[in-house]
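Secondary and tertiary structure notes
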Amino acid sequence: MLLEKYQLESHNGQLLAPHKKQYQFLSESINDADRIVHLLSEFQVAIPSWALGTGGTRFGRFSGGGEPRNLEEKIEDVGLLHKLNQSSGAISLHIPWDIPENTAATKALAAQHGLKFDAVNSNTFQDQPDHEKSYKFGSLQHVDPSVRRQAIEHNIEVIRQGIALGSKSLTVWLSDGSCFPGQLNFRRAFQRTLESLKEIYAALPEDWKMFLEYKAFEPNFYSMTVGDWGQSLLYVNKLGPKAYTLVDLGHHLPNANIEQIVSLLLAEGKLAGFHFNDSKYGDDDLTVGSIDPYQLFLIFNELVEGMDARGMNHANDLGWMIDASHNVKDPLEDLLQSVEAIQIAYAQALLVDTKKLMAAQDSNDVVTAQEILQNAYRTDVRPLVAEARLRSGGALQPIELYRTFGVRQSLIKIRGQKTVATGL
Ligand SMILES: [Mn+2]
């Protein structure tokens, strides 16, 4: 066991008195501190299996040491995160990077760490050694029906794996598109993709959802066949009630108003959920909240208002997942930072006085509307997030605890310095 209960207790014991003082002060100056803490403690963010190792860039990859060598070790890493923050209670697997060898044993190990299986992710953006056909010119859009067949069968196989694990959703992200004008007939590519998606959709169990993720560019740089939320929405509306649009924060053109996209997809009942990350230029996959935490807050403001308007459960009715890559940080520390950034934005959004905001909007009082949002955003809600962790049995300061007890050093001792996790 990498982290013993007594270590957690001694950490919390040392920090308890100053924490209680901060929490007391904050809870006296805001409404509903108890309710916000309760909502925070219910909110779980899924960790993708590919974020536990150091990612690569187009130019190189530098191993961080002690990275998980197999699916079991990836589950152990997510279990460790969950033990520290009590908010990472799910893992999202990527097939074929993480095919369970023994599903029952994999499920048992996850349960032992208090983890559920979130969406399963298919991969038709790379060729695999056992593949007969190549995805070089696309998968579900491909001009050759036998390539489309291989990609469809792969997605159906991923659904099968997911059923065995107890997952309830399939995320489809396609790298399909074109790099040069004239390469692709847009309309025919759309039609072929739709027909392929229909076959995958037909294989979904009754209680499953399909998430269709869009991306503006990369790896194709002229057109993407699911390039934006409008295209994704066209497909999912044609597919049926189990299909939804997934928003990855890094998959937009610069300066896109993501909060408005989120608001409208939610209003249409077609928002699947999120892949959280942050970026300055493109799909940078940086730590959530590290570049533009105000945007993250504005997104959560739309989410809270929109979900409440539809009577939705914040914790369960959308998919919450991180999708990031870590090139210069310890992946586990990075994920702890990302989860906390999400919780902070959520807590700040819960502070917004929706009734007052609507009154300001209805009277065109622009200044008051801005003041309401920024008052919430400029509130330091970290004591609420720490209190939620404390009440759930987590650590008051997860990164500090992780470092104090040398968790990474222990992992390097067990797994070695030069391990490489499967993934990108
Ligand atoms: Mn994504």
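Structure first, text after, so check above.
Presented here is a report on the structure given in the accompanying data block. (Residues numbered from 1 in each chain as written. Predicted model: local features only at pLDDT ≥ 70, side-chain atom pairs only at ≥ 80, totals over all residues.)

Glancing now at the overall build of the protein chain. Each helix and strand counted, the protein chain has 15 helices and 11 strands in total. Across the 424 residues that make up the protein chain, the buried fraction comes to 46%. Across the protein chain, contacts joining residues at least 24 apart in sequence account for 80% of those joining residues at least 6 apart. (Helix = DSSP H or I, 4+ residues; strand = E, 2+ residues; numbered from the N terminus. Buried ≥ 20, exposed ≤ 12 C-beta atoms within 10 Å, placed from the backbone. Contact = placed C-beta atoms within 7 Å.)

This next bit is on unusual backbone geometry. The amide bond that connects Ile95 to the next residue, Pro96, takes the cis arrangement and shows omega of 20 degrees. By the element assignment, Pro96 lies in the loop between strand 2 (90-92) and helix 4 (103-112). The omega torsion of the bond from Glu218 to Pro219 falls at 10 degrees, within 30 degrees of zero and hence cis. Along the chain, the position of Pro219 falls in the loop between strand 7 (209-213) and strand 8 (223-224). The backbone phi angle of Glu218 is positive, close to 80 degrees, even though this residue is not glycine. Here Glu218 lies in the loop between strand 7 and strand 8.

Burial within strand 9 (residues 243-248) is extensive, with six of its six residues counted as buried. Across the two faces of strand 9 the burial is the same, with Ala243, Thr245 and Val247 and Tyr244, Leu246 and Asp248 all buried. Direction of pairing for strand 9 relative to strand 10 (residues 271-276): parallel, over a ladder of four bridges. Note on strand 10: the bridge partner recorded for Thr245 is Leu271. Chirality of the crossover, the property in question, places the unit of strand 9, helix 8 (residues 258-267) and strand 10 among those that are right-handed. (Pairing = 2+ DSSP bridges. Right-handed = clockwise from strand over helix to strand, strands pointing away.)

Attention shifts here to the sheet that holds strand 1 (residues 47-48). Read across the sheet, three strands follow the order 1-2-3 without closing on themselves; strand pairing throughout is parallel. The open sheet has two edge strands with one neighbour each: strand 1 and strand 3 (116-117). With two bridges connecting them, strand 1 and strand 2 associate as parallel partners. Within strand 2, the residue paired with Pro48 across the bridge is Ser92.

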